[in-house]
Amino acid sequence: MNKNLISVSLTKVGKKMLETQALSDVSLNFESGKIHGVIGPDGAGKTTLIRLLAGLLKPDSGKIEYFKSGNQIPNTLIRKRIAYLPQEQSLYADLSCMEHLEFFSNIYNMSKKDFKQKSKKLLEMVGLSQFADRKAGNLSGGMYKKLGVICVLLNSPDLLLLDEPTIGVDPLSRRDLWNLIHGISNEMTVICSTSYMDEAEKCGKVHILNEGKVLASDLPGNIKKQFKIKKIEEVFLL
Amino acid sequence: MPRFSIIKAFFKKEIAQTLRDKKMIAMIFFAPILQMTLFGFALTNEVKNISISCIYSPGDVLARTIEKRFLESGWFVPAESAERTDYSKILSKRKAEAVLVMPSQGLLKEIERGSSGIQLLIDAVNPQRAVQIENYVKNIMSQTVSQELKNTPAGLAPPVDLNVKILYNPSLESAFFMIPALFGFILCIFTVMLTGISLSKEKENGTFEKLISSPVTVWEILLGKTFTYSILGFIVAFSMVIGAYLLFGITVKGGILKLFLICSIFIVSSCSVAIFISTLAKTQQQAMMGSLIFLFPALLLSGLIFPVENIPVYARWIAYINPLYYLLEALRNIVLKGGDWIVLIQTAVPLALIGTALLIFGVKKFNSKL
């Protein structure tokens, strides 16, 4: 556990979305410096959980606390240190990759020098250097997602929230995206939701949600031992 | 030959989609009802409620009768009375649309002498209205004079000849009336429609969620959005000022600074309307419809085409809360009359108040929708 990065603790969090109880009594610990997988089928409450963590929603009950180096950080200050990539398309189809990075660097108030260095590094890291001038609308599904990730990484966040980043992406691009997530995981805490059960194995810790409740929260190996299963998805068959 | 089953399938789908969208239903039915009400009750091209000021000597009975006939006709309303020395001022301050100055020695004597000393000053910012005012005044005066003098020894009343002075638009060109208003309308369209659509586009495309999760405040997002389209609106409106000069010879008599000042105050209102529209609209299409729902009555009740003075009093309050009405009044004052400061303040203050109210309301609604 890297104490300089952010850890999050949820205590008995409940949230209703319209008529549906999206989350009920959810208590979870997201330790710092790890890749956390929030796994569950559609409608399990993954997006609600991620949006609560991003501060876009407020819980109806319970509390969400953020810690850094053992000290609690006020929720008002945490927003600057969080990066969030929504599930839906979140880029401007008519702007190029470089224009996106430039726009977000302005939002993050970065210096020009810092922006130049970081954008070059990030574009290289995801293999988008040669597509820097291509419009986001003309990128393939995988490249689009990668651009989304590097836009939020520009700010060097302490906590990265990814809502189903691999959905609708071909297997090769999925592998690339996970390589990217692993590559940055020593610099930040990553919480990534997914409905692909096989992706649980790629995470340091897995939190399994179903119908708004926590089914399990542990290391992938421990969950398999606990439920005496070979694959994580078998949890839902029990 | 198109297949009926396909057309039927589309019809069923479109109707289901349209009727499922409650906001769309409201727009479909609200817009025509609103238009019908406006055209039926409030909007008329007939020239009425002309504020007239008659200046005559206290003992001039004929002049007093003529003034009475003006007011009894239903076309005229009394304007603030003016002294002989400042009658052009009450026109420039828009306290009266017409001033009839009777000779100091008495109207009767003047008519007998040939009546060239009777002066009629008309504010001709709206040229059609000015022509009508002149006709009304001439008719009522002639009728009154012939009725009052029919028992004179001569038996026939001499014709009434007026010395008519057309102010602010002497050549009675409608372009002079329409173009300053068009600057305002273009500015309004740019700021309301483009800002509203651009905010809704962020929502529709899912980019908004990413923006609000970034370390930016709602004010920063709103200012960033509105500023851009305000600047675009300014550029277009000011290129129209240049075009108006080159094509029609219209110069901004009050100076560009006053024009910029009033447009800036107006933009607060129009951007706030756009922010409000974006809170109701989930898609760009809805934002477009919402903008039209605002722009259509705002245009009709602004005095651009139908004079606000003609709207019945019970409906006139709608014009008085319409920011576009004050903008157009101010623009015509600045462009054609030189921008009298009192008129500028009279239009800028309500515009600023409406803008502040709309801004508070729009941003509050925007915040509640996040």
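Note that this is a predicted model, so its numbers are computed, not measured.

Trainee: What's the story with the overall build of chain A in this structure? I'm lost.
Mentor: The helix and strand tally for chain A stands at 7 helices and 10 strands. Whereas a compact globule of 238 residues would reach a radius of gyration of roughly 18 Å, chain A reaches 18 Å, a difference of no more than 12%. Each of the three principal axes of chain A carries a C-alpha extent, and together these read 50 × 40 × 35 Å. Considering only intrachain contacts with a sequence separation of at least 6, the fraction spanning at least 24 residues in chain A is 70%. Accessible surface computed for chain A: about 11400 Å², of which carbon and sulfur atoms make up 49%. Within chain A, one finds 33 positive and 26 negative side-chain charges whose respective centroids are separated by 5 Å.

Trainee: Would you take a moment to explain a nonpolar patch on the surface for this structure?
Mentor: Residue and element names in this part refer to chain B. The grouping of Leu 194, Phe 227, Ile 231, Leu 232 and Ile 235 at the surface amounts to a nonpolar patch, some 450 Å² of accessible area in total. Among the elements that line the nonpolar patch, the one with the most residues is helix H9 (residues 218–248), at 4 residues. Following the sequence through the fold, Phe 227 ends up in helix H9.

Trainee: It is not clear to me how the sheet that holds strand S1 (residues 50–55) of chain B should be interpreted in this structure. Could you clarify?
Mentor: Residues and elements named next belong to chain B. The strand order across the open sheet formed by 5 strands is S2-S1-S3-S4-S5, and the pairing between neighbours is mixed. Edge positions in the sheet fall to strand S2 (76–78) and strand S5 (163–167), since each has one partner strand and no second. Looking at each pair of strands side by side, their axes are set apart by 25° on average, direction ignored. Taken together, the 4 bridges between S1 and strand S3 (residues 98–101) define a ladder with parallel strand orientation. By the bridge assignment, Ile 55 is partnered in S3 with Val 101.

Trainee: Please clarify how the sheet that holds strand S4 (residues 61–68) of chain A should be interpreted in this entry.
Mentor: Two modes of strand pairing occur in sheets, parallel and antiparallel, and in both the strands are linked by backbone hydrogen bonds. Residue and element names in this part refer to chain A. Taking strand neighbours across the sheet as the criterion, the 4 strands line up as S2-S1-S4-S5 in an open arrangement whose pairing is antiparallel. Both edges of this open sheet fall to strand S2 (20–30) and strand S5 (71–73), since each of them pairs with a single strand only. Each neighbouring strand pair of the sheet contributes to a mean axis angle of 30°, computed without reference to strand direction. With 7 bridges connecting them, strand S1 (residues 6–17) and S4 associate as antiparallel partners. Bridge pairing in S4 places Ile 6 opposite Lys 68.

Trainee: What is the right way to look at the layout of surface pockets in this model?
Mentor: By rolling a water-sized probe across the atoms, one finds the places where empty space is left. Residues and elements named next belong to chain B. Estimates place the volume of the largest pocket at around 820 Å³. Every residue lining the largest pocket is counted, 31 residues in all, and those nearest its centre are Phe 30, Phe 276, Ile 293, Phe 294 and Pro 297. Among the secondary structure elements, those contributing two or more residues to the lining of the largest pocket are helix H2 (22–42), helix H10 (256–280), helix H11 (284–300), helix H12 (313–320) and helix H14 (341–368). The dominant element in the lining of the largest pocket, judged by the number of residues it contributes, is H2, at 9 residues.

Trainee: Teacher, can you tell me more about the domain arrangement of chain B here?
Mentor: By convention, interface size is frequently given as the accessible area that disappears when the constituent parts associate. Residue and element names in this part refer to chain B. Each assigned domain of chain B is listed with its residue range as follows: domain 1 (4–43 + 174–365) and domain 2 (50–167). Computed over C-alpha atoms, the centres of domain 1 and domain 2 are 40 Å apart. Listed as interface residues are 14 residues of domain 1 and, on the opposing side, 11 residues of domain 2. The contact between domain 1 and domain 2 buries some 1100 Å² in all, and 54% of this surface belongs to carbon and sulfur atoms. Sorting the residues of domain 1 by area buried against domain 2 places Phe 177, Glu 309 and Lys 337 first, and these three jointly supply 44% of that buried surface.

Trainee: What is the right way to read unusual backbone geometry from this model?
Mentor: If a residue is not glycine, its phi is most likely negative; likewise, a peptide bond is most likely trans. Residues and elements named next belong to chain A. One non-glycine residue, Asp 25, adopts positive backbone phi at about 50°. Position of Asp 25 relative to the elements: it lies in strand S2. For Asp 25, a relative accessible area of 55% gives the class exposed. You will see that Glu 164, though not glycine, has its phi angle at about 45°, which is positive. By the secondary structure assignment, Glu 164 is in the loop between strand S7 (159–163) and helix H6 (171–184).

Trainee: How should the packing of helix H3 (residues 97–107) of chain A against helix H4 (residues 112–125) of chain A be read in this particular structure?
Mentor: Between two packed helices, both the angle of their axes relative to each other and the distance between the axes serve to describe the pair. All names here are of chain A. Viewed as axis vectors pointing N to C, H3 and H4 meet at an angle of 135°, and their least axial separation amounts to 11 Å. Between H3 and H4, the crossing angle belongs to the class labelled oblique. In the crossing of H3 with H4, the sense of the turn from one axis to the other is right-handed. Here H3 contributes Met 98, Leu 101, Glu 102 and Ser 105 to the contact with H4, which in turn contributes Phe 115, Ser 119 and Leu 123.

Trainee: What's the story with the nonpolar core in this structure? I'm lost.
Mentor: Inside soluble globular proteins, nonpolar side chains tend to come together where they are buried. Residues Val 8 and Leu 53 of chain A are the most contacted members of the largest nonpolar core, which totals 89 residues. Within the second largest apolar cluster, 66 residues are counted, among which are Ile 250, Val 252, Cys 263 and Ala 287 of chain B.

Trainee: Explanation requested: the pattern of salt bridges in the structure shown.
Mentor: Where charged atoms of side chains with opposite charge meet at close range, the side chains can pair. All names here are of chain A. Per the stated rule, a full pass over the model turns up 18 salt bridges over all chains. Glu 164 is the partner of Lys 46 in a salt bridge, and the nearest nitrogen-oxygen pair spans 3.6 Å. With Lys 46 in helix H1 (residues 46–53) and Glu 164 in the loop between S7 and H6, this pair connects stretches of sequence that are 118 residues apart. With a relative accessible area of 3%, Lys 46 lands in the buried category. Looking at Glu 164, the relative accessible area reads 5%, which means it is buried. Across the pair Lys 120 and Glu 124 runs a salt bridge whose closest N-O atoms are separated by 3.8 Å. Taken together, the residues Lys 120 and Glu 124, both in helix H4 and 4 residues apart, mark about one turn of the helix. One salt-bridge network, in which partners are shared between bridges, spans Lys 68, Arg 81 and Asp 158.

Trainee: What should I look at first to understand the packing of aromatic side chains in this one?
Mentor: Given two aromatic rings, their pairing is described by the distance between the two centres and the angle made by the two planes. Residue and element names in this part refer to chain A. Applying the stated rule across the entire model yields 12 aromatic pairs over all chains. Arranged with centres 5.9 Å apart and planes meeting at 90°, the rings of Tyr 92 and Phe 103 form a pair that is edge-to-face. Here the residue Tyr 92 occupies a position in the loop between strand S6 (82–85) and H3, and Phe 103 occupies one in helix H3, the gap between them amounting to 11 residues. When its relative accessible area of 14% is taken as the criterion, Tyr 92 is described as buried.

Trainee: What exactly am I supposed to notice about the pairing of strand S9 (residues 205–210) of chain A here?
Mentor: Remember that side chains alternate between the two faces of the sheet whenever the strand is regular. All names here are of chain A. Summarising burial for S9: 5 of the 6 residues are buried, a large majority. Inspection of the sheet shows strand S3 (residues 35–39) paired to S9 by 4 bridges, in the parallel sense. Paired with Gly 37 across the bridge in S9 is Val 206. Pairing between S9 and strand S10 (residues 213–218): 5 bridges, direction antiparallel. Bridging from a neighbouring strand, Val 206 pairs with Asp 218 of S10. Between the antiparallel neighbours S9 and S10 lie 2 residues, among them Glu 211 with a positive phi of about 50°.

Rules of the game
- Residues numbered from 1 in each chain as written.
- Chains lettered and ligands numbered in written order.
- Predicted model: local features only at pLDDT ≥ 70, side-chain atom pairs only at ≥ 80, totals over all residues.
- Heavy atoms only, no water.
- Helix = DSSP H or I, 4+ residues; strand = E, 2+ residues; numbered from the N terminus.
- Rg over C-alpha atoms; globule rule 2.2 N^0.38 Å.
- Contact = heavy atoms within 4.5 Å.
- Areas by Shrake-Rupley, 256 points an atom, 1.4 Å probe, with all protein chains shown as cover.
- Lys, Arg positive; Asp, Glu negative; His and termini not counted.
- Charge placed at Lys NZ, Arg CZ, Asp CG, Glu CD.
- Patch = residues over 30% accessible without salt bridge, like charges linked within 9 Å, V, L, I, M, F, W, Y side chains within 5 Å.
- Salt bridge = Lys/Arg side-chain N within 4 Å of Asp/Glu carboxyl O.
- Pairing = 2+ DSSP bridges.
- Axes fitted to C-alpha atoms, helices over the stretch in contact; angles between N-to-C directions.
- 1 Å grid on protein atoms, 1.4 Å probe; cavity = no way out; pocket = protein on both sides within 12 Å on 5 of 7 lines; lining within 4 Å.
- Points joined across faces, edges and corners; volume = space filled by probe spheres on them.
- Domains from an automatic or database assignment.
- Buried area = accessible area lost by both parts, 1.4 Å probe.
- Buried < 20%, exposed > 50% of the residue type's maximum accessible area, 1.4 Å probe, protein only.
- Parallel < 35°, antiparallel > 145°, perpendicular 65-115°, else oblique.
- Left-handed = near helix turned anticlockwise from the far one by under 90°.
- Core = buried A, V, L, I, M, F, W, Y, C linked by side-chain atoms within 4.5 Å.
- Phe/Tyr/Trp six-rings, centres within 6.5 Å; stacked < 30°, edge-to-face > 60°.

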